[in-house]
Amino acid sequence: MTLDRLGDRKIAERIEATAAERDQVRARLGLLGLDRLVADCEVRRGLGDLVHVGAAWTAEVTQTCVVTLEPLQQSLTGDLQASFRPSRGQSSQVGGAAEDEVVVDALEEDPPETLPSDGIDLGELVVQELAVSLDPYPRRSGAAIPSEFGPSDDQGESGPFAALKALKGKE
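Residues numbered from 1 in each chain as written. Predicted model: local features only at pLDDT ≥ 70, side-chain atom pairs only at ≥ 80, totals over all residues. Heavy atoms only, no water.

K.L.:
Please explain the overall build of the protein as it appears in this structure.
P.N.:
Helix and strand content of the protein: four helices and seven strands. The secondary structure elements of the protein, listed N-terminal to C-terminal, are α-β-α-β-β-β-β-β-β-α-α. Of all 171 residues assigned to the protein, the portion counted as buried reaches 27%. Of all intrachain contacts in the protein linking residues separated by at least 6 positions in sequence, the fraction that spans at least 24 positions is 63%. In the structure as shown, the protein presents an accessible area of about 11900 Å², 50% of it carried by carbon and sulfur atoms. (Helix = DSSP H or I, 4+ residues; strand = E, 2+ residues; numbered from the N terminus. Buried < 20%, exposed > 50% of the residue type's maximum accessible area, 1.4 Å probe, protein only. Contact = heavy atoms within 4.5 Å. Areas by Shrake-Rupley, 256 points an atom, 1.4 Å probe, with all protein chains shown as cover.)

K.L.:
Even after reading the chapter, I still don't get the pairing of strand β4 (residues 71-85), so can you show me in this structure?
P.N.:
Put simply, side chains in a regular strand alternate between the two faces of the sheet. By the bridge criterion, 14 bridges tie strand β3 (residues 51-64) to β4 in an arrangement that is antiparallel. Its bridge partner lying in β4, E60 is registered against S75. Between the antiparallel neighbours β3 and β4 lie six residues, among them L69 with a positive phi of about 65°. Bridge count between β4 and strand β7 (residues 113-114): two bridges; the pairing is parallel. Considered in β7, the bridge of R85 is made with T114. (Pairing = 2+ DSSP bridges.)

K.L.:
Where do I start with the pairing of β3 in this structure?
P.N.:
When strand β2 (residues 33-45) meets β3, the two strands line up antiparallel, connected through 12 bridges. Looking at β3, one finds that R45 is bridged to V51. In this antiparallel pair of consecutive strands, β2 and β3, the connection spans five residues, and G48 shows a positive phi of 65°.

K.L.:
Teacher, can you tell me more about the layout of surface pockets here?
P.N.:
With a probe scaled to a water molecule rolled over the atoms, the places where space remains empty come into view. What the largest pocket holds in volume is close to 400 Å³. Q81, A82, S83, D110 and P111 are the residues nearest the centre of the largest pocket, which is lined by 15 residues in total. At the level of secondary structure, the elements contributing two or more residues to the lining of the largest pocket comprise β3, β4 and α3 (122-133). For the lining of the largest pocket, the leading source of residues is β4, giving four residues. Here the lining of the largest pocket is composed, by residue class, of seven nonpolar, four polar and four charged. (1 Å grid on protein atoms, 1.4 Å probe; cavity = no way out; pocket = protein on both sides within 12 Å on 5 of 7 lines; lining within 4 Å. Points joined across faces, edges and corners; volume = space filled by probe spheres on them. Nonpolar A, V, L, I, M, F, W, Y, C, P; charged D, E, K, R; others polar.)

K.L.:
Could you clarify how one ought to interpret a negative patch on the surface in this entry?
P.N.:
On the surface, D105, E108, E109, D110 and E113 cluster together into a patch of negative charge. Here E108 is to be found in the loop between β6 (97-98) and β7. (Patch = residues over 30% accessible without salt bridge, like charges linked within 9 Å, V, L, I, M, F, W, Y side chains within 5 Å. Salt bridge = Lys/Arg side-chain N within 4 Å of Asp/Glu carboxyl O. Lys, Arg positive; Asp, Glu negative; His and termini not counted. Charge placed at Lys NZ, Arg CZ, Asp CG, Glu CD.)

K.L.:
Would you mind showing me how to read α3 here?
P.N.:
Because each turn of an α-helix spans 3.6 residues, side chains separated by three or four positions in sequence point in the same direction. Counted at 1.5 Å a residue, the expected span for α3 with its 12 residues is 16 Å, and the 17 Å between its end C-alpha atoms agrees. Buried within α3 we find L122, L125, V126, V127 and L130. Those residues of α3 that are buried are in contact with β1 (11-16), α2 (19-29), β2, β3 and β4. Near the N-terminus of α3, the side chain that reaches the backbone nitrogen of G123, with its oxygen 3.2 Å away, is that of D121. (Expected span 1.5 Å × (residues − 1). Polar contact = N/O pair within 3.5 Å; in protein donor to acceptor, adjacent residues only side chain to side chain.)

K.L.:
I keep staring at the environment of E113 and nothing clicks. Help me out?
P.N.:
Tracing the backbone through its elements, the reader meets E113 in strand β7. As a C-alpha pair, E113 and P86 span 27 residues in sequence and 8.6 Å in three-dimensional space. Beyond its immediate sequence surroundings of up to four residues, E113 is in contact with S83, F84 and R85.

Worth remembering: the numbers are spatial, not functional.
So, in structure tokens, the structure goes:
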């Protein structure tokens, strides 16, 4: 989305990934499958030169269960908000920091990103949001680690750390 298309009005746009695009995203994010990726986006101008992007997205993903190694299908939804400002083209000192420098305050909102010269890639924003929304350790409901691989209460002095405990006692 380029600024000349935006003008002074807000633009609402629905984007839906094609099969080829979903396949690229699937490979990029290490998914077993990506059956659907849809977002309803809104782009509008804000105060000054800011451009605000908001989107509600939905995805149907298939990941691998970390316990059973079986496919695990999930429906994910989310909202994203992002702000962009045009590049100033020159680095002037403002408040002790160069204009292109980003000073981060953990208690404040994220600063706006610099608007890319070729416009805002709404699809890329949605993919980034999907990536951080994925469960890094997806686990099928009811899946349990077999007892021979996990800790148990009855191991007492014969568990995997028993040898370390014995060494510590010899000091």
